[in-house]
Amino acid sequence: MKELTSAINQHLAAEFQAGHTYLAMSIWLREKDLAGFSTYMHDKSQEERDHAARMIAYLVDSDEQVELPTIDAPERSWPSVQTLFDQVYDMEKGVTASINRLYAMAETVGERSATAMLDWFVAEQLQEEAEARFVRKRLRLAGDNSAALLLLDQQFLEGTALTHVKGGLSGTRGA
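Here is what the cut-offs are and how they apply
Every chain is numbered on its own, with residues counted from 1 as its sequence reads. For this predicted model, a pLDDT threshold of at least 70 governs which residues receive local features, and a threshold of 80 or more governs which side-chain atom pairs are given and counted, while totals over whole chains, interfaces and linings are taken from all residues. Based on all heavy atoms of the structure, the side-chain values leave hydrogens and waters out of the count. To get an axis, fit a line to the C-alpha atoms, keeping to the stretch in contact for a helix; angles then go from 0 to 180 degrees between the N-to-C directions. Each helix is a run of H or I in the DSSP string that is no shorter than four residues. Each strand is a run of E no shorter than two, and both are numbered from the N terminus. Should an angle fall under 35 degrees it is called roughly parallel, over 145 degrees roughly antiparallel, and 65 to 115 degrees roughly perpendicular, with every other angle called oblique. Here a crossing is taken to be left-handed if its near helix is turned anticlockwise relative to the far helix by less than a right angle, and right-handed if that turn runs clockwise. Here, residues are in contact when the closest pair of their heavy atoms is within 4.5 Å. Just so you know the grouping, Ala, Val, Leu, Ile, Met, Phe, Trp, Tyr, Cys and Pro go in nonpolar, Asp, Glu, Lys and Arg go in charged, and all remaining residues, Gly too, go in polar. Only protein atoms enter the 1 Å grid used here. Points where a 1.4 Å probe fits but cannot escape make up a cavity, open sets with protein on both sides within 12 Å along at least five of seven lines make up a pocket, and a residue lines them when an atom lies within 4 Å of a point. Grid points are joined across faces, edges and corners, and a volume is the space filled by probe spheres set on the points. For each residue, the accessible area found with a 1.4 Å probe, counting protein chains only, is set against the maximum for its type, and the residue is called buried under 20%, exposed over 50%, and partly exposed in between.

Visitor: Can you break down the packing of helix 2 (residues 35-61) against helix 3 (residues 81-108) residue by residue, with the values?
Guide: Direction vectors running N to C along helix 2 and helix 3 enclose 15 degrees, while the axes themselves pass 13 Å from each other. In terms of orientation, helix 2 and helix 3 fall into the roughly parallel class. In this structure, helix 2 crosses over helix 3, and the sense of that crossing is left-handed. Facing helix 2, whose interface residues are F37, Y40, M41, E48 and M55, helix 3 presents V81, F85, V88, E92, I99 and L102. Taken together, the residues of the contact of helix 2 with helix 3 break down into nine nonpolar, no polar and two charged.

Visitor: Before we move on, can you summarise the layout of surface pockets with the specific residues and values?
Guide: Rolled over the atoms, a probe sized like a water molecule indicates the empty space that remains. Counted as a void, the second largest pocket has a volume near 210 Å³. Every residue along the wall of the second largest pocket is listed here: W28, L34, S80, V81, Q82, L139, A142, G143, D144, N145 and L149. Looking at the lining of the second largest pocket, the elements with two or more residues in it are helix 3 and helix 4 (112-142). Of the residues assigned to the lining of the second largest pocket, the class counts are six nonpolar, four polar and one charged.

Visitor: Can you tell me about unusual backbone geometry, naming the residues and giving the values?
Guide: Across the chain, the bulk of peptide bonds are trans and the bulk of non-glycine residues have phi less than zero. In this model, D33 sits at a positive phi of 60 degrees, which is unusual for a non-glycine residue. Mapped onto the elements, D33 comes out in the loop between helix 1 (2-31) and helix 2. Of note, the phi angle at D63 is positive, near 60 degrees, even though the residue is not glycine. Topologically, D63 is positioned in the loop between helix 2 and helix 3. By relative accessible area, D63 is classed as exposed at 71%.

Shown next as structure tokens:
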């Protein structure tokens with residue numbers, strides 16, 4: 001269990017780093033007057049901190065030691081909204097890979113409580129990647145068309161941009 005505890009503590013850095021980076025992205029987007037994208041990234045930042053809190057709760061409930069990580073200052077500007085969301089997608093892929101490593105480790109050591117906790121993260125990462133992929137595709141369609149970018153930003157502000165993506169595998173609409 002000690003190796004798994006160490007690995008979970010190391011994973012906390014990925015969650016906190018993503019949260020910190022998404023907050024920086026939210027600020028940059030707000031500075032560009034893209035309030036919809038900014039709000040979305042602010043919410044994503046909070047989600048990442050919530051993910052870390054879930055893992056911390058697991059460690060505490062398992063009577064294991066929590067080691068809060070040091071995180072790096074994130075970038076503060078991006079060449080474009082497209083580049084920013086390319087980074088979001090890459091970060092989510094990295095978090096997914098880390099979750100998969102934790103899951104494999106938990107299975108190897110037969111730690112059923114850890115695999116049960118990680119099941120939620122596996123489903124969550126599927127959704128996170130789907131959202132990031134969708135936004136990247138939409139931004140590619142918008143290209144250099146500022147009207148299309150503003151329309152997508154407005155959809156994020158209204159909360160309708162990801163309606164069909166948030167249904168996930170259940171096929172439900174909204175969320």
